[in-house]
Amino acid sequence: MSKITLKGIIGHTKTVLKHKKVVFIHCCKAGIVWQGIVHDLSKFTPAEFIPGIKYFQGFRSPNEAEREDIGYSNAWIHHKGVNNHHYEHWTDFSLDKKEYVPVKMPLKYVKEMFCDRVAASKIYRGDKYQQTDPYGYLKNRTTQEHIHPETAKLLEEMLRKLAEEGEDAAFAYIRSLHTY
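Since the structure is predicted, the reported quantities are computational estimates derived from the model, not experimental observations. Starting afresh in each chain, residues are numbered from 1 along the sequence in its written order. Since the coordinates come from a predicted model, pLDDT governs what is reported: local features require at least 70, and pairs of side-chain atoms require 80 or more to be given and counted, while whole-chain, interface and lining totals use all residues. Hydrogens and water molecules were not included; the side-chain quantities draw on all heavy atoms of the structure.

**Details of the packing of aromatic side chains**
Here a Phe, Tyr or Trp ring, Trp counted by its six-membered ring, pairs with any other such ring whose centre lies within 6.5 Å, and the pair is stacked when the planes are under 30 degrees apart, edge-to-face when over 60, and tilted otherwise. Inspection of every chain in the model, using the stated rule, returns four aromatic pairs. Where F93 meets Y100, the ring centres are 5.5 Å apart and the plane angle is 75°; that geometry is what we call edge-to-face. Partly exposed residues are those whose accessible area sits between 20% and 50% of the maximum for their type, while under 20% is buried and over 50% is exposed, using a 1.4 Å probe and protein chains only. According to the relative accessible area criterion, F93 is partly exposed, its value standing at 39%. Relative accessible area serves as the criterion here: at 62%, Y100 is assigned to the exposed category. Across the ring face of Y173, the terminal group of K161 is positioned such that the distance to the ring centre comes to 5.4 Å. Any Lys NZ or Arg CZ found within 6 Å of a ring centre and within 35 degrees of that ring's normal is scored as a charge over the ring.

Spelled out as structure tokens, the structure:
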């Protein structure tokens, strides 16, 4: 079990603020400025901030360490529940299938999800970051049955554009999108 330390308080706070800054810059480039301003404010709620401090390591999400410690992440469950830019937020009960299924995300949240994933890769990879990292993370971590097919296709297009053509091309593409 981890505990609250000064190192955790300072380290986690710096990491969250750095992440928010990079996401804000990306959201501005993507044309969704307000989302950049309000992005991840829930990380400052006790439900997320306290576990973030307790499980801070600096090289990966504290949620991973919380999962290893107790078998799941309370902070993540809260975070995805209140933040629309996570595909895990977008599930609902299907009257036809009689089970929970992924639903298509609104475009503005897919754009924010892109900004979030790129920023997270930059923060956690540091000097080792490469523009192919966010795409690789998607391919290695996203289970297709948990994300709506149209949302998955669009996110993959955005991340592939970044991987193959760079940030300028990716953000120009994202700004050009009005529907999908």
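**What about the state of the cysteines?**
Two cysteine sulfur atoms make up a disulfide if the distance between them is within 2.5 Å. Per the counting criterion, the structure on display carries zero disulfides. With no disulfide partner, C28 has as its closest neighbouring cysteine sulfur the one in C27, 7.2 Å distant. Residue C28 is classed as partly exposed on the basis of its relative accessible area of 33%. In this structure C115 is not part of a disulfide, and its nearest cysteine sulfur, from C27, lies 4.1 Å away. Exposure remark for C115: the relative accessible area of 0% places this residue in the buried category.

**Here's the deal with a nonpolar patch on the surface**
A patch is a set of surface residues, each over 30% in relative accessible area and not in a salt bridge, joined within 9 Å for like charges and within 5 Å for the nonpolar side chains Val, Leu, Ile, Met, Phe, Trp and Tyr. Exposure was quantified through the Shrake-Rupley algorithm and a 1.4 Å probe, taking into account, for residues, occlusion by the shown protein chains and nothing else. Salt bridges are counted wherever a side-chain nitrogen of Lys or Arg sits within 4 Å of a carboxyl oxygen of Asp or Glu. Together, I4, L6, I9, I10 and I50 give the surface a local cluster of nonpolar side chains, amounting to about 440 Å² of exposed area. Numbering of helices and strands runs from the N terminus, with a helix taken as a DSSP run of H or I at least four residues long and a strand as a DSSP run of E at least two residues long. Sorting elements by how many residues they give to the nonpolar patch places helix 1 (residues 6–30) first, with three residues. In this fold, L6 is placed in helix 1.

**Re the side chain of S73**
Mapped onto the elements, S73 comes out in the loop between helix 4 (62–70) and helix 5 (74–82). A relative accessible area of 2% means that S73 is categorised as buried. Polar side-chain contacts of S73 include one of 3.4 Å to the side chain of N63. Throughout this description, a polar contact denotes any pair of N or O atoms lying within 3.5 Å of each other; where both atoms belong to protein, one of them has to be capable of donating a hydrogen while the other can accept it, and for residues adjacent in sequence the pair is counted only when both atoms sit in side chains. Separated by 2.7 Å, the side chains of S73 and E66 make a polar contact.

**Side note on the packing of helix 1 against helix 3 (residues 46–54)**
Each axis is a line fitted through C-alpha atoms, taken for helices only over the stretch in contact, and angles between the N-to-C directions span 0 to 180 degrees. The interhelical angle for the contact between helix 1 and helix 3, taken along N-to-C directions, is 120°, at an axis separation of 7 Å. Accordingly, the angle class assigned to the pair helix 1 and helix 3 is oblique. The element helix 1 and its partner helix 3 pack so that their crossing is right-handed. Counted together, G8, I9, H12 and T13 of helix 1 and E48, F49, G52 and I53 of helix 3 form the full contact between these two elements. The residue classification treats Ala, Val, Leu, Ile, Met, Phe, Trp, Tyr, Cys and Pro as nonpolar and Asp, Glu, Lys and Arg as charged. All others, Gly included, are polar. For the contact of helix 1 with helix 3, a count of residues per class yields three nonpolar, four polar and one charged. Angular relationships are summarised with four words: roughly parallel below 35 degrees, roughly antiparallel beyond 145, roughly perpendicular across 65 to 115, and oblique for the angles in between. Crossing handedness: left-handed means the near helix sits turned counterclockwise from the far one by under a right angle, and right-handed means the same turn made clockwise. Contact between two residues is taken to exist if any of their heavy atoms lie within 4.5 Å; hydrogens are not considered.

**So, the packing of helix 1 against helix 6 (residues 107–125)**
Direction vectors running N to C along helix 1 and helix 6 enclose 135°, while the axes themselves pass 8 Å from each other. Taken together, the axis directions place helix 1 and helix 6 in an arrangement best described as oblique. Once helix 1 is placed against helix 6, the crossing between them reads as right-handed. Residues T15, K18, H19, V22, V23, H26, C27 and A30 of helix 1 form the contact with helix 6, whose participating residues are K111, E112, C115, D116, V118, A119, A120, K122, I123 and Y124. Here the residues of the contact of helix 1 with helix 6 are counted per class, giving 10 nonpolar, three polar and five charged.

**With respect to the environment of Y135**
With respect to the helices and strands, Y135 occurs in helix 7 (residues 133–141). Between the alpha carbons of Y135 and E88 there is a distance of 18 Å; along the sequence they are 47 residues apart. Look past the residues within four positions of Y135 in its chain and what remains in contact with it is E156, L159, R160 and A163.

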